[in-house]
Amino acid sequence: MDLKKRFTTDPGAFTFGILRVLIGFMLFWAFLDKTFGLGYPTAPGQGLIDGGSPTKGFLMHASNGTFGWLFEPMVDISGLLDIVIVLAMFALGVGLILGIGKRLCCVGGMLMFFIFYLAVSPLSDNPIIDYHVIYIVVLFGVLFTNSCSVIGLGEWWKDTTLVKRFPILE
């Protein structure tokens, strides 16, 4: 099916499909930057592969915020969190780009963006809304539309024996 037909058949799912791919690429890029220190924003030589801790500074800043009591204890385990967060960004990014694992990617992404939202509180530009909330709303829309089938491998993924056996992986 060509893109024009997909867009005219279900423009909402097509739009959420594009947004899904963009958020997926953003997460995948964050994985690359935090792993290899590409300089966007992880400094060269400070990536996880170089022994740097991409989350330690973020957690130290978050421990001074509104929910500091929640993030302060995490500074001590930042090495473990580096690996968990970088792997989550990889898995979520790839899943969202390809349109596979929609349920886990959307719920996992919403949870991650909510935690990041709490970490940057209090908000500096707007007292209630920032870009993390927008990402959460977009992922909520992706979850309840056919965006992974309109753009992505969603139809193929749903028909695999793995997903048929474990529907949570849809």
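In case you missed it, the structure is sitting above this.
Residues numbered from 1 in each chain as written. Predicted model: local features only at pLDDT ≥ 70, side-chain atom pairs only at ≥ 80, totals over all residues. Heavy atoms only, no water.

Enquirer: Whenever I open this one, the state of the cysteines confuses me. Can you help?
Expert: Should the sulfur atoms of two cysteines be covalently bonded, the bond is a disulfide. One pass over the full model with this rule turns up zero disulfides. Looking at the unpaired Cys 105, the closest cysteine sulfur is the one in Cys 106, lying at 6.9 Å. Given a relative accessible area of 7%, Cys 105 falls into the buried group. No disulfide involves Cys 106; its sulfur sits 6.3 Å from that of Cys 148, the nearest cysteine. (Disulfide = S-S within 2.5 Å. Buried < 20%, exposed > 50% of the residue type's maximum accessible area, 1.4 Å probe, protein only.)

Enquirer: Sorry, what's going on with the environment of Pro 122 here?
Expert: Here Pro 122 is to be found in the loop between helix H6 (102-119) and helix H7 (131-143). Look at Pro 122 and you get exposed, because its relative accessible area is 57%. When the C-alpha positions of Pro 122 and Gly 65 are compared, they lie 6.2 Å apart, and in sequence the two are 57 residues distant. Setting aside anything within four residues of it in sequence, one finds Pro 122 in contact with Gly 65 and Thr 66. (Helix = DSSP H or I, 4+ residues; strand = E, 2+ residues; numbered from the N terminus. Contact = heavy atoms within 4.5 Å.)

Enquirer: Quick question: what am I supposed to make of the pattern of salt bridges here?
Expert: Close approach of charged atoms lets side chains of opposite charge pair. Enumeration according to the criterion identifies two salt bridges in this entry. Here Glu 170 makes a salt bridge to Arg 103, at a shortest N to O gap of 3.4 Å. Taken as a pair, Glu 170 in the segment after helix H10 (161-165) and Arg 103 in helix H6 lie far apart in primary sequence, 67 residues in all. Residues Glu 155 and Lys 158 are paired through a salt bridge, measuring 3.4 Å at the closest nitrogen-oxygen approach. (Salt bridge = Lys/Arg side-chain N within 4 Å of Asp/Glu carboxyl O.)

Enquirer: Help me understand the nonpolar core in this model?
Expert: Side chains of a nonpolar character, in soluble globular proteins, are inclined to be buried together. Formed by 30 residues in total, the largest nonpolar core has its most connected members in Ile 23, Leu 27, Met 89 and Phe 113. Of all the elements in the fold, those that place two or more residues in this core are helix H2 (11-36), helix H3 (56-62), helix H5 (78-98), H6 and H7. The dominant element in this core, judged by the number of residues it contributes, is H6, at nine residues. What Leu 27 contacts, discounting residues up to four positions off in sequence, is Met 89, Leu 92, Gly 93, Leu 96, Met 112 and Phe 113. (Core = buried A, V, L, I, M, F, W, Y, C linked by side-chain atoms within 4.5 Å.)

Enquirer: What's the story with the packing of H2 against H5 in this structure? I'm lost.
Expert: Relative orientation and spacing of two packed helices are given, respectively, by the angle between their axes and the distance between those axes. The interhelical angle for the contact between H2 and H5, taken along N-to-C directions, is 150°, at an axis separation of 7 Å. Classed by the angle they form, the pair H2 and H5 counts as roughly antiparallel. Between H2 and H5 lies a crossing whose hand is left-handed. Contact residues: Arg 20, Val 21, Ile 23, Gly 24, Phe 25, Leu 27, Phe 28, Ala 30, Phe 31, Lys 34 and Thr 35 in H2; Val 86, Met 89, Phe 90, Leu 92, Gly 93, Val 94, Leu 96, Ile 97 and Leu 98 in H5. Residues belonging to the contact of H2 with H5 are distributed by class as follows: 15 nonpolar, three polar and two charged. (Axes fitted to C-alpha atoms, helices over the stretch in contact; angles between N-to-C directions. Parallel < 35°, antiparallel > 145°, perpendicular 65-115°, else oblique. Left-handed = near helix turned anticlockwise from the far one by under 90°. Nonpolar A, V, L, I, M, F, W, Y, C, P; charged D, E, K, R; others polar.)

Enquirer: Any chance you could explain the side chain of Lys 34 here in plain terms?
Expert: Considering the arrangement of structural elements, one finds Lys 34 in helix H2. For the buried Lys 34, no salt bridge exists, and the shortest N-O distance to an oppositely charged side chain is 4.7 Å, to Asp 33. With near-sequence residues (within four places) excluded, Lys 34 lies in contact with Thr 42, Gly 47, Leu 48, Pro 54, Val 86 and Met 89. (Lys, Arg positive; Asp, Glu negative; His and termini not counted.)

Enquirer: What should I look at first to understand the layout of surface pockets in this one?
Expert: Any empty space left between atoms is shown by rolling a water-sized probe over those atoms. There is about 420 Å³ of room inside the largest pocket. Lining the largest pocket are 18 residues; nearest its centre among them are Ala 30, Lys 34, Met 89, Phe 116 and Tyr 131. Counting only elements with at least two residues in the lining of the largest pocket, the list comes to H2, H5, H6 and H7. It is H2 that provides the largest number of residues to the lining of the largest pocket, a total of five residues. The class makeup of the residues in the lining of the largest pocket is 15 nonpolar, two polar and one charged. Taken as a whole, the second largest pocket encloses approximately 300 Å³ of empty space. Along its surface, the second largest pocket is lined by 17 residues, and Leu 81, Ile 85, Met 112, Ile 115 and Phe 116 are the ones closest to its centre. For the lining of the second largest pocket, the secondary structure elements donating two or more residues are H3, helix H4 (68-71), H5 and H6. (1 Å grid on protein atoms, 1.4 Å probe; cavity = no way out; pocket = protein on both sides within 12 Å on 5 of 7 lines; lining within 4 Å. Points joined across faces, edges and corners; volume = space filled by probe spheres on them.)

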